[in-house]
Structure formats: structure tokens, C-alpha cells
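# Structural features, examined
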Amino acid sequence: MPLAPAAPHETNTHCPYCALQCAMTLTRNEVTGAPGEEPVTVSGLFFPTNRGGLCKKGWTSASLLNSPHRVVEPLIRDEDGKLCPVSWDEALDLIADRLIDCRRQHGADAVGVFGGGGLTNEKAYQLGKFARIALGTSRIDYNGRFCMSSAAAAANRAFGLDRGLPFPVADLDEAGTILVLGSNMADTMPPILSHLEGARKAGGLIVVDPRESSTAKLTADGAGIHLQPMPGTDLALLLGLTHIVIKERLYDAGYIAERTSGFGELRRSVSEWWPERTQAVTGVPSGQLREVARRLASGNGTYILTGRGVEQHVNGTDTATAAINLALVLGLPGSESGGYGTMTGQGNGQGGREHGQKCDQLPGYRKITDPDARRHVAAVWGVDEEAIPGAGLPAVQLLASLGQPDGVRALLVHGANVVVSAPNASEVRAALARLDLLVVCDFFLSETAELADVILPVTQWAEEEGTMTNLEGRVIRRRRSISPPAGARSELWIMAELAARLDAPGTYDIEASAVFDELARASEGSIADYSGLSYELLDAGRPAYWPYPAGSRGTPRLFSDRFGTEDGLARVVPVHVHADAAQLPAGDELVLITGRLLEHYQSGSQTRRVPELNEAQPVLRAQLHPATAADRGIVDGDTIELRNARGTVVAIAQTTRGIRRDTVFLPFHFPGVQSANVLVSDATDPISFMPEFKNSVVTIHALTTALNPDR
């Protein structure tokens, strides 16, 4: 359904936050320049994902545009360490000179680029091209490595294709059973809850989470089932459910025979996960396991959805694969009455990983090692294929290489705040300090920007044209409503200016529509084919789900006839629990899990600057069970310290009976001594290189000094 036409003083666009990409209308206001004035008023707009609703973050998003914290002119750090305003020419000349010098002394791979899943498709595409052709470096990756990488790796090896939801969100409306693993969507994307109502009314909402999250609470009063496994045991839980489905002959034998390969080996591999053993490992009662397995196989429209809670582990790819295997034996993917999908997090988490920010990919989800892919993209870029570097380093390894011998010496950061968002955050801060040059493009002085040698002010969502690809694989238009501050520039312009100063080959358009047209050509014939798309088509309101080859009408639902593998069959890939995959608490240790709050987003760099949101959640709070707190002499409201070998974090104790006694929960939106990711391991999944965000161990104790939220 197309967006309704806007009045002359209105602009129809989409929210700047999560991958649900709720539609909204921006109405321009007359502003006098007084502090706190908002240049636009936000109102909800009907769209299939949000049906006119917005969450707190969406309703308050206009506050970002005229924030007093906005960076509105280029800044360069002087010899005394002070950030000083300069002209754009001075800033860009300095960057270009330093990059040329760095490459001359240390080679092209001494320059690194770190991107973000919030960049538009156009900026993500151009950033990958700029890194590889203008800079000549292979050292590019992005913060989506912290978000979707395990789910993507699992989908690619099972289906031959990764699209978060291979069906429209509205398909969930008809579901009688929805299994949600590791996603607290009630806080992270609240408007999606309207699509769960059918399952709740049927008593079929099943939520897997070690704590009673806002989403888990929706299962109360007969609306469903809440499973609370021990953190880090999700893989065992899924193997146990699959065992029951097979043992009780609840699987879809016809579907398995016609549409999959590998079932026999899977049957053997899960035979050891009988319900009682699964209970002993996970803590979930065997009777509850059987109830859930039977419910999933009830045939009343079943969907299995995964999120970061089960994926951000060193076995995250295997855990996501186990969820896919369960869906396959039930006959769900590609069926008319069910399916499997994963909940993309960042606003352009889907599009951001399709078009060249990942260290091993070229536009269209093409592998950078594929000779045909290299030839095609090189032809679009107007360069010899040998000019395109090979695969680089995934995010954690890229950050670890900063300032090291033969590592990255100069880093350009676009759309990321790695000092807060990366694992083992103290080490990341130390790594940034080793650089010869750090350049950050941002519209606020984020914690990463505070460390930069050069800060370049960029445009925000309502000040630019572009496209985003939401969690359904639907390409949508971001539209400009207002003019940016006089000193801010689009990153497309910045890349074009730097490319000219570097004498780079190829062309670097500054108009988003022209960049999109080039992206469409570069993706032609690929898995994520956008070649049939244009701004004209998108502005006409036609639903645009990729793949969308020229001459087609797109693909709202994938896998109805075949999967993306060579023979069209889905791969059932047996996976196994390894004893060292989960860190188990010993003595007085607790398992630390991290996640989001309703009021904040990602590193909090934006939402902590919105007064209404920050006043609601101004400080880090650690959720723990009252019995756990009492054992340590802690009461609700105490200032506590959480510690492990990687560092120390200070928080306010928040007791709740809705969390396991062996677990403590921290949101990851806060900086400094409140940065949860200081405690998180940078160990990674061997397939996806996803960090181990959800399974660290800590000790806690009360402090006598109260927490200062400004620290």
C-alpha cells in the first residue's frame, strides 16, 4: 500500500531508528531560532509495518534535528589537544594529505574504514566503493558485524540467501503460533506488536528469554509461554525441541523429502537431546519443552523468529542454524502458513550489509572473491578488476589491528560509535589512541568523535534524500524535509571531495538518486538484485521487495518454489553443543547479558540527547533477582560495581523477580563507567565473527558512593 500523498508543507518519510522503518509525516514549522524549537512536527503515517503507530523514540525524533549538541562545522584537534573549528577545505585538505602520507609510508591497508548499519543504501554503497577504489584498502567493515552477522551466515548456508524476514511483517497477523528467540521487540520495535495479536489471542506467543522482558510479559494470562533458559544454552534448547519434533513424528515428512537435504544426519545428531537432558542443561522443564514442540507442530500457522539474544555468541551461527533446522523439519520456510525469519536491528541493517560495507562483500551481496562478481562491479565502477582489493578484516579484528605493526594507522568512521558499541570497549579506546589519524563523520560529538583528530559534521535523516531497506527486505524512500545547518554536508559530498583530492579513479556522485542508479547496476544479476528499482518507482509507492530484477515486480515472499541454493533445496546442517561455548559462573559470579531499553537506541549517542528520553532513563541500571541481591547485601537503588578481568562498570541496582538468580542484565546505551560493553568479551564466532556480547561472567558488590549519571 503506497504512502498517502503529502501536503506541500509536509514530507512523508520513515523513522531514523530501527529496521521496522515506521512511516511518519514531517510537518515543517516556522522557527525563530530559539533554543529547543523543533523544525518539524512528527505524526504517524499508515504503513504496513507500523499502521500509523510510533514508539517513544520515533515520536521524539524531531528533537535531534535542532539539538544544542549538534556539530555544525568541521573540527580539527590542535597541538594542545583542543578541537578547533576550521573551514571545509582546510579539514579535507588535511585529511587527504595525511591519508596520502599514510599510504606512502605503510601501504594502502594502513588506512581503514568503519561503517554503520544506519547509513542509507547510497552512503553504504559509496563508502564501500570509496574504501576500495579511492583509498585502495581492503580494511573496511561495519557495526552490522555486531548485529546481524550470525543470522546472515546461518541463512546463507541453509537457504543460499539472507534476507531478515523472507516475508512481509503483515504475514504474522495470521499466525496462531509465534516462537520468539532472543528478541525483546516490545522495547526495541513496539509497533510490531500489533502483528502478534493473533498469536496472543490463540495462546500461541512463545518467548525465550532468561529474563521476563516486556515481550515475555505478553505471554501472561494464557497468551502463550515464557521459557527462561540459562544464558548461553539456547543451542541446546533448540536441539531439544527438534529432538521432540522428530521423536514424536511431528515433522513434515513430505516437505523434508521434497525441499531439503541433510535430514538423516540431523536426526542422528539430535538423538542425544532427549527432554530430561535438555532440562538439565538449560533449566527449562521437560514438560514445557514438550508443550512447546507440540504447539509449534500444531499446524495453525507457525513462525519462528530469532534475535540478537541467541545470536550474539561464539556459537551464534550454529544457534541460528538450529532455529532454521527446527523450522525446516516443521515445513515452515517458504510455506503459505508459516515461516522463519530474523529480526534485523539497525535502521538499514539489511541494506547496509548488502552493498559493500562488509569486508568480504561487493554490492548485491556478491562475494569479493568471486571472479565474475569482481568483473561485473569493476565494469560498473570503470576500473580494472585488479584494482579491487581482496577480503579484509571483520570488525573485531579490524579494531584490534589499530596502531599495531602492519595494522591500520588511519581510520575513517561513518555512522558508528565504537567506543561504546564494540566489545571489550576499553581495549577499543586504547586502540583508537594508537592511531596516527582518526576521522569521524557525525552530527553529534559522540564518545568516539571526542577522540578524533578531525570531526566532519554530516546531515541527518530529515535533511537528506536516500533509500533504506527494512527488516522485510523492502526498499523505501527517505525524503528530505528541511535544510541542514549551513556547515553540515552529506557523506556523499565528503567522499566525492576526498576522492578528488586523492586523484581517485571512477566517479563519485553527490546526488543520492544518481548513486542509487549506479547501485542498481552494480547489483544486477546478484542475490540482492535492485536493478529494477529507481526513485521514480519508489516514489510512485510500489512495494519494492528485493530481489527486484529489471522487468519484475519484486519478491515479497521468498522460497515459495525453491531456495537460493544451486539445487533449490534448503540445507539442513547438523550443529553441536561444545562444552566451552558458554562461560559458566563459578562461586559468586553471575552471567551478564546485555540488551536495549525502550527509551534508548544503540550506543545512546542520539537518544541520550533527547530530554524526554534521557529523563526517563538517565543512568545505567542493573537488573538482578532480589535473592541474588540479598545474598550480596544489596538492596534496590544501591550503587553497585560489576567487575571482571576486562574492567569495571558502575550501575544502580534494580531488583526484579523476572530474571534468573544466576543472571544480571545491563543495557548497553551508556558511556564511561556505565559502559556495559567494557565487560563484554571480544571472542568471536568462527564463521560470522560475531562477538560474544551475551555471555560474560561478572562479580558484583555494593558501593558507598552514589553513581553520577554525568560520568
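Residues numbered from 1 in each chain as written. Predicted model: local features only at pLDDT ≥ 70, side-chain atom pairs only at ≥ 80, totals over all residues. Heavy atoms only, no water.

Now for the overall build of the protein. Along the protein, the regular secondary structure elements total 23 helices and 27 strands. A compact globule built from 711 residues would reach a C-alpha radius of gyration of about 27 Å, and the protein, at 24 Å, matches this within 12%. Projected onto the principal axes, the alpha-carbon positions of the protein cover approximately 70 × 65 × 55 Å. Within the protein, buried positions represent 62% of all 711 residues. Intrachain contacts of the protein at a sequence separation of at least 6 include 73% that bridge at least 24 residues. Side chains of the protein carry 65 positive and 83 negative charges; the gap between the two charge centres is 4 Å. (Helix = DSSP H or I, 4+ residues; strand = E, 2+ residues; numbered from the N terminus. Rg over C-alpha atoms; globule rule 2.2 N^0.38 Å. Buried < 20%, exposed > 50% of the residue type's maximum accessible area, 1.4 Å probe, protein only. Contact = heavy atoms within 4.5 Å. Lys, Arg positive; Asp, Glu negative; His and termini not counted. Charge placed at Lys NZ, Arg CZ, Asp CG, Glu CD.)

Take T233: it is sitting in the loop between strand 10 (224–227) and helix 7 (234–247). Considered as a pair, T233 and T319 are 86 residues apart in the sequence and their alpha carbons are 9.2 Å apart. Those residues in contact with T233 that lie beyond four places of it in its chain are V281 and T282.

This part takes up the domain arrangement of the protein. Here the protein is described as being made up of domain 1 (10–64), domain 2 (75–147 + 348–461 + 487–521), domain 3 (151–342) and domain 4 (590–702). Inter-centroid distance (C-alpha atoms) of domain 3 to domain 4 is 26 Å. Between domain 3 and domain 4, the contact holds 24 residues from the first and 24 residues from the second. With both sides pooled, the region where domain 3 packs onto domain 4 buries about 1900 Å², and carbon together with sulfur makes up 58% of that total. If you sort the residues of domain 3 by the area they bury against domain 4, R211, Q312 and V314 come out on top, with a joint share of 35%. Linking domain 3 with domain 4 are zero salt bridges, by the criterion used here. (Domains from an automatic or database assignment. Buried area = accessible area lost by both parts, 1.4 Å probe. Salt bridge = Lys/Arg side-chain N within 4 Å of Asp/Glu carboxyl O.)

Looking at the element boundaries, S523 is found in helix 20 (residues 512–523). Given the relative accessible area of 0%, S523 is considered buried. Excluding its chain neighbours within four sequence positions, the residues that come into contact with S523 are H355, G364, R366, A528, D529, Y530 and S531.

It is worth spelling out the sheet that holds strand 10 at this point. Within the open sheet, the five strands sit side by side as 10-9-8-12-13. Their pairing is parallel. Looking at which strands have only one partner, the edges of the open sheet turn out to be strand 10 and strand 13 (339–342). Pairs of neighbouring strands in the sheet enclose a mean axial angle of 10°, with direction left out of account. Where strand 9 (residues 205–208) meets strand 10, four bridges bridge the pair, whose relative direction is parallel. Following the sheet pairing, I206 is matched in strand 10 by I225. (Pairing = 2+ DSSP bridges. Axes fitted to C-alpha atoms, helices over the stretch in contact; angles between N-to-C directions.)

The description of two helices packed together rests on the angle between their axes and the distance between the axes. One way to put it is that helix 7 packs onto helix 10 (residues 275–282) with a least axis distance of 9 Å and a crossing angle of 165°. Our classification of the angle between helix 7 and helix 10 gives roughly antiparallel. The interaxial crossing formed by helix 7 with helix 10 has left-handed handedness. Contacts between helix 7 and helix 10 involve A236, L237, G240, H243 and I244 on the former and, on the latter, P275, T278, V281 and T282. Along the lines of polarity and charge, the residues of the contact of helix 7 with helix 10 split into five nonpolar, four polar and no charged. (Parallel < 35°, antiparallel > 145°, perpendicular 65-115°, else oblique. Left-handed = near helix turned anticlockwise from the far one by under 90°. Nonpolar A, V, L, I, M, F, W, Y, C, P; charged D, E, K, R; others polar.)

On to the sheet that holds strand 5 (residues 83–85). Pairing is mixed across the open sheet formed by seven strands, whose spatial order is 5-4-18-17-16-6-7. Looking at which strands have only one partner, the edges of the open sheet turn out to be strand 5 and strand 7 (140–142). For this sheet the average axis-to-axis angle between neighbouring strands, irrespective of direction, equals 20°. As defined by bridge partners, strand 6 (residues 111–115) adjoins strand 16 (residues 410–414) across four bridges and the pair is classed as parallel. Its bridge partner being in strand 16, F114 is matched across the sheet by V413.

Of the two faces of strand 9, the one holding L205 and V207 and the one holding I206 and V208 are both buried throughout. Direction of pairing for strand 8 (residues 177–181) relative to strand 9: parallel, over a ladder of four bridges. Its bridge partner lying in strand 9, L181 is registered against V208.

Turning next to the packing of helix 2 (residues 88–106) against helix 19 (residues 491–501). Running from amino to carboxyl end, helix 2 crosses helix 19 at an angle of 55°, the nearest separation of the two axes being 10 Å. Our classification of the angle between helix 2 and helix 19 gives oblique. Note that helix 2 runs across helix 19; the crossing there is right-handed. Residues W88, D89, L92, D93, I95, A96 and I100 of helix 2 lie in contact with helix 19, whose contacting residues are W493, I494, E497, L498 and R501. Its residues assigned to classes, the contact of helix 2 with helix 19 shows eight nonpolar, no polar and four charged.

In this section: the pattern of salt bridges. One pass over the full model with this rule turns up 30 salt bridges. Across the salt bridge formed by D109 and R139, the nearest N and O atoms sit 3.4 Å from each other. Of the two residues, D109 is situated in the loop between helix 2 and strand 6 and R139 in the loop between helix 3 (121–134) and strand 7; the sequence distance between them amounts to 30 residues. Put simply, D436 and R409 hold a salt bridge, and the shortest N to O gap is 3.1 Å.

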